[in-house]
Amino acid sequence: MTIWNLISLAGGLALFIFGMNLMSDGLKLVAGSYLKKILEKLTQNRFTAMFVGAGLTALIQSSNAMCVMVVGFVNAGMMQLERSVGILMGAKIGTTITGQLIAFNISEIAPVIAFVGVAITMFAKKPKMKNAGQIVASLGVLFIGLGTMSTAMKPLANEEWFQGILSEFSNPLLGVLVGIIFTVIIQSASASVGVLQMMAVSGVIGFNQAFYIMLGMNIGASVAPALASINARKDAKRVALIVILFESIGMILFLVVSQLFPVVLDWIAGTSPDNPSRQIANANTIFNCVTVLILLPCAKYLVRMSKAIIRGKDEKDVAALHYIDESGYQSGTVLIGQIDKEVGRMHGLVRENLEASTKAYFNEKAISDEAFSENEAAVDFLNKEITAALIRTGELGISKNEAIHVGHLYHIVTDFERIGDHAENVLGYARQMREQKQKFSNKALKDLKELTQAVYKIFDLACENFAQPSEELYRVIHRMEDDIDNMVDKMRNGNIKRLGKMKCEATQGLYFSEILVDLERVADHALNIAQAARRSMSDRG
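Residues numbered from 1 in each chain as written. Predicted model: local features only at pLDDT ≥ 70, side-chain atom pairs only at ≥ 80, totals over all residues. Heavy atoms only, no water.

### Description of the overall build of the protein
Working step 1: Looking only at helices and strands, one finds 22 helices and zero strands in the protein.
Working step 2: Burial analysis of the protein (541 residues in total) assigns 52% to the buried set.
Working step 3: In the protein, the proportion of contacts linking residues at least 24 apart, taken out of those at least 6 apart, comes to 81%.
Working step 4: Of the accessible surface of the protein, which amounts to about 24500 Å², a share of 59% is contributed by carbon and sulfur atoms. (Helix = DSSP H or I, 4+ residues; strand = E, 2+ residues; numbered from the N terminus. Buried < 20%, exposed > 50% of the residue type's maximum accessible area, 1.4 Å probe, protein only. Contact = heavy atoms within 4.5 Å. Areas by Shrake-Rupley, 256 points an atom, 1.4 Å probe, with all protein chains shown as cover.)

Shown next as structure tokens:
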């Protein structure tokens, strides 16, 4: 074993992992925009959810990515914890497809596959064809890496020192531990098992040793969703815990059975006696399928166990992200779903402050001054954090419709923040009048009541229209904005007349005029929101 073998091994591993990641990214670009819809509609039944999870994971070639997506969906409240279990288990079956694919060992024609993929990517004009080319190219790169690793590892089979190390792996627990550590480093169970398959093909490791390392690799794969859930809501943490429980229970079951009945390992190896790579691929498939078969009927007990270990409910500061977390940054579709939830929170906070600021003039206290300040601080915080998250979506690969939606979210978040500022101004005038012991005349209060009701309505309709765009509703909002402008002009003239007739003091008239300006601007921003929804509908055709 020379230094060049080690360099070749490292290079092969790098190409293999790069090919795996590239293929996963390409597949997610093709399927990513449909994942949310599929997961929402087809996960009512846990058995159906299992097949959906297996199919989608086989499609995107990464159980880590699928599990992290599920963590993100649960954290955003887009999926219930109970409905996630079937998907998580299905993901473990779906990820075994990679090992079965690797077992075909098409390294000899891998350069041709890579060349075809690169050619498609370079010359195709349609984004979907470019994504398809990326998938083909990555498949070629993946097998080139596997071939390089296999060649580089062959000398290890004759190295006494390496065989001495492997002899220690005859201890099943040590093999499991090595598998866990290796997968934690690589961050992909599929890639780890692929490396193990190449070691077996090169004659470096025997099946029995590889089997226990494979068990550990499956547990190591649960680290990614666990890390993604660190700052997430409790239900998202429970999703990650369920993944750990699933893998750990399966590992213990197979560890015990293989020790009590060694013939089980002989039977699994016998499924492909002449192909060491296929033996390990089959072992991985059998492990995950049997574990799912045993644990899927017990899904509700896994959920109960996760709730017993992670207790309580979420308590978060208002000025904090409740839905966007690390899991979102693994998929553009997940992140956009989480952003939508945070924008919904922002809307609620702004609406609450808008109502509180205007009710102050009628001696109606909707919320405390402290709560108002907390809401305003949260709106400013969310404006900054949501904008940062929207920028990150461009790095994750999103569909055309998702990109359109993201573009309009930028404007809406800004409009919400501005409306919050106007609400703060309106409440500020009320506080100053209270300190100065001043009140509006009955006529001014009547006008203000009429205007605030109209502003509430246009704001609510604009937000409703953004959620479900409608040309008819947009026209209603546009007419309302014109009516509010006319209403403000009429009230402004009435205020000037009251001042001329000395029916109110100059300070009161000034405050009333400033309030009219702020509420008129709120209506303008509401129309901006409606226009963004209209453009979004138009852009999508």
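### Looking at the nonpolar core
Working step 1: Ile339, Tyr361, Phe416, Phe440 and Leu451 are the most contacted members of the largest nonpolar core, which totals 66 residues.
Working step 2: Counting only elements with at least two residues in this core, the list comes to helix H17 (332-359), helix H18 (369-393), helix H19 (400-435), helix H20 (442-467), helix H21 (471-500) and helix H22 (506-539).
Working step 3: Considering every element that reaches this core, the biggest residue donor is H22, with 13 residues.
Working step 4: If we skip the residues at most four places from it in the chain, Ile339 touches Ile324, Ile386, Ala389, Leu390, Thr393 and Leu409.
Working step 5: Core analysis: the next-biggest nonpolar cluster, separate from the first, contains 39 residues, Val193, Met198, Ile219 and Phe254 among them. (Core = buried A, V, L, I, M, F, W, Y, C linked by side-chain atoms within 4.5 Å.)

### Structural notes on the pattern of salt bridges
Working step 1: Going through the model one piece at a time under the given rule, you end up with 12 salt bridges.
Working step 2: Salt-bridge contacts for Asp369 lead to Arg431; the nearest nitrogen and oxygen are separated by 3.7 Å. One end of the pair, Asp369, is in helix H18; the other, Arg431, is in helix H19, and 62 residues separate them in sequence.
Working step 3: Given a relative accessible area of 28%, Asp369 falls into the partly exposed group.
Working step 4: By relative accessible area, Arg431 is classed as partly exposed at 27%.
Working step 5: Between Asp369 and Arg434 there is a salt bridge; the shortest N-O distance is 4.0 Å. Taken together, the residues span a long stretch of sequence, with Asp369 in helix H18 and Arg434 in helix H19 at a distance of 65 residues.
Working step 6: Residue classification places Arg434 among the partly exposed residues on the basis of a relative accessible area of 49%.
Working step 7: Taken together, the shared-partner salt bridges connect Arg351, Glu355, Lys359 and Asp460 into one network. (Salt bridge = Lys/Arg side-chain N within 4 Å of Asp/Glu carboxyl O.)

### A few points about unusual backbone geometry
Negative phi is the rule for most residues except glycine; trans is the rule for most peptide bonds.
Working step 1: Positive phi, normally seen in glycine, also occurs at Lys437, with a value near 55 degrees.
Working step 2: You can see Lys437 is positioned in the loop between H19 and H20.

### Description of helix H4 (residues 81-94)
For an α-helix, 3.6 residues make a turn, and residues three or four places apart therefore share a direction.
Working step 1: Over its 14 residues, H4 extends 20 Å from the first C-alpha to the last, a length consistent with the 20 Å expected when each residue adds 1.5 Å.
Working step 2: Of all 14 residues that make up H4, 12 are buried, and the element is covered over most of its length.
Working step 3: Within H4, the full set of buried residues consists of Leu81, Ser84, Val85, Gly86, Ile87, Leu88, Met89, Gly90, Ala91, Lys92, Ile93 and Gly94. (Expected span 1.5 Å × (residues − 1).)

### Section: the packing of H4 against helix H15 (residues 276-295)
Working step 1: Packing of H4 against H15 brings their axes to within 8 Å, and their N-to-C directions diverge by 160 degrees. As summarised for this structure, H4 and H15 are arranged roughly antiparallel, according to the angle between their axes. As for how H4 packs across H15, the hand of that crossing is left-handed. Together, Met89, Lys92 and Ile93 of H4 and Asn288, Cys289, Val292 and Leu295 of H15 make up the contact between the two elements. (Axes fitted to C-alpha atoms, helices over the stretch in contact; angles between N-to-C directions. Parallel < 35°, antiparallel > 145°, perpendicular 65-115°, else oblique. Left-handed = near helix turned anticlockwise from the far one by under 90°.)

### With respect to a nonpolar patch on the surface
Working step 1: A cluster of nonpolar side chains, namely Ile252, Val256, Leu260, Phe261 and Val263, defines an oily patch on the protein surface of about 510 Å² accessible area.
Working step 2: The residue Val263 is located in helix H14 (residues 263-269) in this model.
Working step 3: According to the relative accessible area criterion, Val263 is exposed, its value standing at 56%. (Patch = residues over 30% accessible without salt bridge, like charges linked within 9 Å, V, L, I, M, F, W, Y side chains within 5 Å.)

### Re the packing of aromatic side chains
Working step 1: Applying the stated rule across the entire model yields eight aromatic pairs.
Working step 2: With a centroid separation of 5.5 Å and an interplanar angle of 85 degrees, the aromatic rings of Phe211 and Tyr212 are classed as edge-to-face.
Working step 3: Here Phe211 falls in the buried class, since its relative accessible area comes to 2%.
Working step 4: Aromatic pair Phe211 and Phe254: ring centres 6.4 Å apart, planes at 45 degrees, arrangement tilted. Placement of the pair is Phe211 in helix H11 (residues 207-220) and Phe254 in helix H13 (residues 234-260), with a sequence separation of 43 residues.
Working step 5: Taking relative accessible area as the criterion, Phe254 reaches 10% and is therefore assigned buried.
Working step 6: Ring-pair connections join several aromatic residues into one group, and the members of that group are Phe207, Phe211, Tyr212, Phe254 and Phe287.
Working step 7: Positioned over the ring face of Tyr456 is Arg351, at 4.7 Å from the centre of the ring. (Phe/Tyr/Trp six-rings, centres within 6.5 Å; stacked < 30°, edge-to-face > 60°. Lys NZ or Arg CZ within 6 Å of the ring centre and 35° of its normal.)

### Points about the environment of Glu514
Working step 1: Turning to its location among the elements, Glu514 is positioned in helix H22.
Working step 2: Assessed through its relative accessible area of 31%, Glu514 is described here as partly exposed.
Working step 3: Considering only alpha carbons, one finds Glu514 and Asn425, 89 residues apart in sequence, at a separation of 8.7 Å.

Taken by themselves, the reported measurements are silent on function.
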